[in-house]
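Overview (structure and organization)
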Amino acid sequence: LDLLQEAIASGRRCGAGTLHAERELQRLRHDQVQREAAEAELLEASKGAGCKGRRRLEDAIQLAMTVGVAPKNLKAANDRLQLLITHEEKCALAAGNIRRAMHTLQKEPWKFQQIMEMVKPLQPWTPDLERLVDTCQDYMRRSSTAQNQQKEV
């Protein structure tokens, strides 16, 4: 870009037509700005988490691919995207395990404790998993309170 800028300046001093070169310089500068903006968005989106973070990262990767961001930056972003997808899959699996165990909570409350031990390292949880965990914990609290009241009577 700097060489093209110097060539345009030289051409003007010599009285040569530089319109085409000026347009090309303007296009190249615009492309550079777009690439830098895409790199910055890719970096910021890589810091995200959850469903919204994954969607933002997917969009940032698509934009980065169209404007020609360096492959190493794309690889790092794709690796982060894979981690987010894997995390969501693990959370969905844990949510399924909780749903299957919900009907046995009253008879076998230790199953919920086992599942909770598996689920704790997955934080931050997906909204679905968090809702299920909260529901089960509330049920367990109410159940233990009811049992304590029965024992007192």
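For the structure given in this document, a descriptive report is provided here. (Residues numbered from 1 in each chain as written. Predicted model: local features only at pLDDT ≥ 70, side-chain atom pairs only at ≥ 80, totals over all residues. Heavy atoms only, no water.)

1. Looking at the state of the cysteines
Keep this limit in mind: By disulfide we mean two sulfur atoms from cysteines, separated by a distance within 2.5 Å. Only protein chains enter the accessibility calculation, which uses a 1.4 Å probe. A residue is then buried if its area is under 20% of the maximum for its type, exposed if over 50%, and partly exposed in between.
Counted under the stated rule, the structure contains 0 disulfides. Cys136 carries a free sulfur, and the closest cysteine sulfur to it, the one in Cys91, is 15 Å from it. According to the relative accessible area criterion, Cys136 is buried, its value standing at 1%.

2. As for the packing of helix 1 (residues 2-14) against helix 2 (residues 19-45)
For clarity, the threshold we go by: Fitted lines through C-alpha atoms give the axes, limited to the stretch in contact for helices. The angle between two N-to-C directions lies from 0 to 180 degrees. Segments assigned H or I by DSSP are reported as helices when at least four residues long, segments assigned E as strands when at least two residues long, and all are numbered from the N terminus. Should an angle lie under 35 degrees it is considered roughly parallel, over 145 roughly antiparallel, and from 65 to 115 roughly perpendicular; all remaining angles are considered oblique. Left-handed is the label given to a crossing in which the near helix is rotated counterclockwise from the far helix by less than a right angle, and right-handed is the label when the rotation is clockwise. By the convention used here, residues are in contact when the closest approach between their heavy atoms is within 4.5 Å. Residues are grouped as follows: nonpolar covers Ala, Val, Leu, Ile, Met, Phe, Trp, Tyr, Cys and Pro; charged covers Asp, Glu, Lys and Arg; every other residue, Gly included, is treated as polar.
The geometry of helix 1 relative to helix 2 is characterised by a closest axis approach of 10 Å and an angle of 160 degrees between their N-to-C directions. Classified by the angle their axes make, helix 1 and helix 2 are roughly antiparallel. Two packed elements cross with a definite hand, and for helix 1 against helix 2 that hand is left-handed. Each of Leu4, Gln5, Ile8 and Arg12 in helix 1 lies in contact with helix 2, whose residues at this interface are Ala21, Glu22, Glu24, Leu25, Leu28 and Arg29. Grouping the constituent residues of the contact of helix 1 with helix 2 by class yields 5 nonpolar, 1 polar and 4 charged.

3. Some thoughts on the nonpolar core
What counts here: Only buried Ala, Val, Leu, Ile, Met, Phe, Trp, Tyr and Cys residues count toward a nonpolar core, and they belong to the same one when joined by side-chain atoms within 4.5 Å.
Judged by nonpolar contacts, the single largest core of 17 residues is most densely connected at Ile98, Phe112, Val119, Trp125, Leu129 and Val133. Listed by contribution, the elements that provide at least two residues to this core are helix 4 (71-102), helix 5 (109-119) and helix 6 (127-152). Each residue touching Leu129, except ones within four places of it in the same chain, is listed here: Cys91, Ala94, Ala95, Ile98 and Val119. The next biggest cluster of nonpolar side chains, apart from the first, holds 12 residues, and it includes Ala45, Leu57, Ala60 and Ala77.

4. What about the environment of Asp79?
Within the secondary structure, Asp79 is located in helix 4. The class of Asp79 is partly exposed, set by a relative accessible area of 39%. Asp79 sits 33 residues away from Ser46 along the chain, and the two C-alpha atoms are 9.5 Å apart.

5. Comments concerning the side chain of Glu88
Tracing the chain through its elements places Glu88 in helix 4. When its relative accessible area of 18% is taken as the criterion, Glu88 is described as buried. For Glu88, the residues in contact, after removing those within four places along its chain, are Gly50, Cys51, Arg54 and Thr126.

6. Looking at the pattern of salt bridges
The following threshold applies: Within this document, salt bridges are pairs made up of a side-chain nitrogen of Lys or Arg and a carboxyl oxygen of Asp or Glu, the two lying within 4 Å of each other.
As enumerated under the stated definition, the model contains 12 salt bridges in all. Across the salt bridge formed by Lys75 and Asp79, the nearest N and O atoms sit 3.3 Å from each other. Of this pair, Lys75 and Asp79 are both found in helix 4, 4 residues apart, which corresponds to roughly one turn of the helix. The partner of Lys120 in a salt bridge is Glu117, and the shortest N-O contact between them spans 3.8 Å.

7. Quick look at the environment of Lys90
Inspection of the secondary structure assignment puts Lys90 in helix 4. We classify Lys90 as partly exposed; its relative accessible area is 48%. Along the primary structure Lys90 and Leu122 are separated by 32 residues, whereas in three dimensions their C-alpha atoms are 7.7 Å apart.

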